[in-house]
Amino acid sequence: MIGLISATAAGAAARDRLAAARPDRTRVYEGPVGDAVRAAFAECEQLVCFLATGAVVRLIAPLLGDKSADPGVVCVDEGGRFAVSLVGGHGGGANELAREVGELLGAEPVITTATDSVGLAGLDTLGLPAEGAVAAVSRALLDGEPVALDAESHWPLPALPVAARGAYTIRVTDRAVEPGEREVVLRPPSLVVGVGASKGAPVEEVLELVEGALRDAGLSPASLAELATVDAKADEPGIVRAAERLGVPLVTYPAEQLAAVDVPNPSEAPLAAVGTPSVAEAAALVRGGELLVPKRKSAASPAMATCAVVRRPARGRLAVVGLGPGARDLLTPRAEAELRRASVLVGLDQYVDQIRDLLRPGTRILESGLGAEEERARTAVAEAREGQAVALIGSGDAGVYAMASPALAEASDDIDVVGVPGVTAALAAGALLGAPLGHDHVSISLSDLHTPWEVIERRVRAAAEADLVVTFYNPRSRGRDWQLPKALAILAGHREPATPVGVVRNASRPDESARVTTLAELDPATVDMMTVVTVGNTATREIAGRMVTPRGYRWQEEPK
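The text that follows walks through the structure, step by step, so that each part is easy to find.

Scoring rules and cut-offs
- Residues numbered from 1 in each chain as written.
- Predicted model: local features only at pLDDT ≥ 70, side-chain atom pairs only at ≥ 80, totals over all residues.
- Heavy atoms only, no water.
- Pairing = 2+ DSSP bridges.
- Helix = DSSP H or I, 4+ residues; strand = E, 2+ residues; numbered from the N terminus.
- Axes fitted to C-alpha atoms, helices over the stretch in contact; angles between N-to-C directions.
- Contact = heavy atoms within 4.5 Å.
- Buried < 20%, exposed > 50% of the residue type's maximum accessible area, 1.4 Å probe, protein only.
- Salt bridge = Lys/Arg side-chain N within 4 Å of Asp/Glu carboxyl O.
- Lys, Arg positive; Asp, Glu negative; His and termini not counted.
- Polar contact = N/O pair within 3.5 Å; in protein donor to acceptor, adjacent residues only side chain to side chain.
- Arc of directions from axis to C-beta.

This brings us to the sheet that holds strand β22 (residues 441-445). With mixed pairing, 5 strands are arranged side by side in an open sheet as β22-β23-β26-β24-β25. A strand with exactly one partner marks an edge of an open sheet, and here the two such strands are β22 and β25 (513-518). Going from strand to strand, the sheet's axes swing by 20° on average, the running direction of each strand aside. Bridge analysis of strand β24 (residues 500-505) against β25 gives 6 bridges, and the strand direction is antiparallel. By the bridge assignment, Pro500 is partnered in β25 with Thr518. Lying over the sheet, helix α17 (residues 453-465) contacts β22 and β23 (469-473), oriented at roughly 160° with respect to β22. Along the sheet, helix α18 (residues 483-492) makes contact with β23 and β26 (531-535), crossing β23 at roughly 175°.

Written out as structure tokens, the structure is:
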């Protein structure tokens, strides 16, 4: 919960705007400011104070304890110009909260955390529990000292400027090891504990069994990702409460699915009770992995619980990111976040140049030239299979004549894939032209490098006969100068010579140009590969210099 505190009418107005935008996450604290701050500090995970920073510093100073437990605090000035991350930038989430508040209120986020200031990923913001010398290793990264990465398994981490050797170390492990003096240990969520239990098994017995199994195997509870069991035990109180107290989800599977898992220690007892010869081992192994602790029973007599521990391999992450048509303000916040999350970037060299400044230090860049789409797709998938966090970039929307299709044709279910939409060239061009896509429309690429012309021509004829607005991608190049005239001639057989046609070159870029002409007057020689051509349907009109395709609402046709 985010506590909101203000002292003046101006502050209250901004406070109420934030409360209205996030009603499920915020709570307004009224009354004397000192009392409100103390109450919110004790009850909330984060605070937004619409007060001067000096006043907030004096109010919260006596309340501060440990940065790992204190709430994140953001200050917003009376004029709503700045959102200052004051306390708990990383651990309390104040940095992200300042960005969020700034976006909602139109304020400039002010973030002074050293790592954020230079674009480094904070070691305590990677989504993994961090133990050890976080401050010392972070300072070494900031100072450019060599920091080694010791990863027992590749985990999809953001980019870090690490070296093969160094006096400082970032260690990624699920083993119960103590961090060294100059070491940070990151705990990946790699361990799954399968649990079986008799009806009425006490939560203490289940907990003691699970914790003992991890301890005896030399494994860290911080790397426990989930408890797993059979559907029939989904509501068993001892298992449910054990998951709650361990702070992990409880995942259940049908008995028939568990019965199909090959396990080393099947038993007749669970087969008779719940329909599978194994619960603990099968539930832990059902999604694959290495069995670290075979089935073991609790120490009670009679034993009422069993468990098994599996280490699941890291799953790489592939984000297919659309960069939009070129303008930085048309790059979505989600796309920017994925670029900063990646440790490996794969893309066309000219697209890499567009966003190079957004990448974190240490990002490995794999760039290539035109015509290597399939190679880039294979490279991105291969890197993800190695456990990396990969961003594969394309212009516009990555799923429209771009990299998503070849990448997903290569990918299987052994990696996580995230699609990040982008503003397409057709949409950027349409916004410049007016509203040419106001009714049904289609996009067709005139490049016959990958698609036979006979197929393209059939699609153009179908669009012409269906009276669809048509946007042509890749309309004309030096080596392909006859396809666009042929396509326009096909459309001219179904539309009037005065049909509006929009021609947009380099949409959203500094040298963009847009004009509206007609089907009869368009000169194909003025079009190139950087151009998008949009041909209207029989209802499209030029109105005040803009290209407009009516939506066709029925009430517009009714007699007055």
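There is more to say after this.
With respect to topology, 3 strands assemble into an open sheet ordered β21-β28-β27, the strand pairing being mixed. Bordering the open sheet on either side are β21 (434-435) and β27 (541-543), each of which pairs with just one other strand. Strand direction decides the pairing type here: β27 and strand β28 (residues 546-548), joined by 3 bridges, are antiparallel. Bridge pairing in β28 links Ile543 to Arg546.

Where a strand is regular, its side chains alternate between the two sheet faces. With 5 of its 5 residues buried, strand β4 (residues 72-76) lies for the most part within the structure. The side-chain alternation of β4 yields two buried faces, one formed by Gly72, Val74 and Val76 and the other by Val73 and Cys75. Bridge analysis of strand β3 (residues 46-50) against β4 gives 4 bridges, and the strand direction is parallel. From the neighbouring strand, Cys49 faces β4, where its bridge partner is Cys75. The pairing of β4 with strand β5 (residues 82-87) spans 4 bridges and is classified as antiparallel. Each bridged residue has a counterpart across the sheet, and for Val74 the counterpart in β5 is Ser85.

With that settled, the discussion passes to the pattern of salt bridges. Per the counting criterion, the structure on display carries 30 salt bridges. With a closest N to O distance of 2.9 Å, Arg22 and Glu100 form a salt bridge. One end of the pair, Arg22, is in the loop between α1 (9-21) and β2 (26-28); the other, Glu100, is in helix α4 (residues 94-105), and 78 residues separate them in sequence. According to the relative accessible area criterion, Arg22 is partly exposed, its value standing at 25%. Across the salt bridge formed by Arg356 and Glu367, the nearest N and O atoms sit 3.6 Å from each other.

Moving on, we come to the side chain of Arg495. Relative to the helices and strands, Arg495 is located in the loop between α18 and β24. The charged side chain of Arg495 is buried without a salt bridge, its nearest counter-charge being Asp467 at 4.1 Å. Among the polar contacts made by the side chain of Arg495, one reaches the main-chain carbonyl oxygen of Gly536 at a distance of 2.6 Å. Dropping the residues within four chain positions of it, Arg495 is found in contact with Ala463, Ala464, Asp467, Leu468, Val470, Leu519, Val535, Gly536, Asn537 and Thr538.

Turning to helix α2 (residues 33-43), a few remarks are in order. Three- or four-residue spacings in an α-helix give side chains the same orientation, since the helix completes a turn every 3.6 residues. Turning to α2, its buried residues are Gly34, Ala36, Val37, Ala40 and Phe41. All buried residues of α2 fall inside an arc of 160° around its axis, so they share one side. Contact partners of the buried residues in α2: β1 (2-6), β3 and α3 (53-60).

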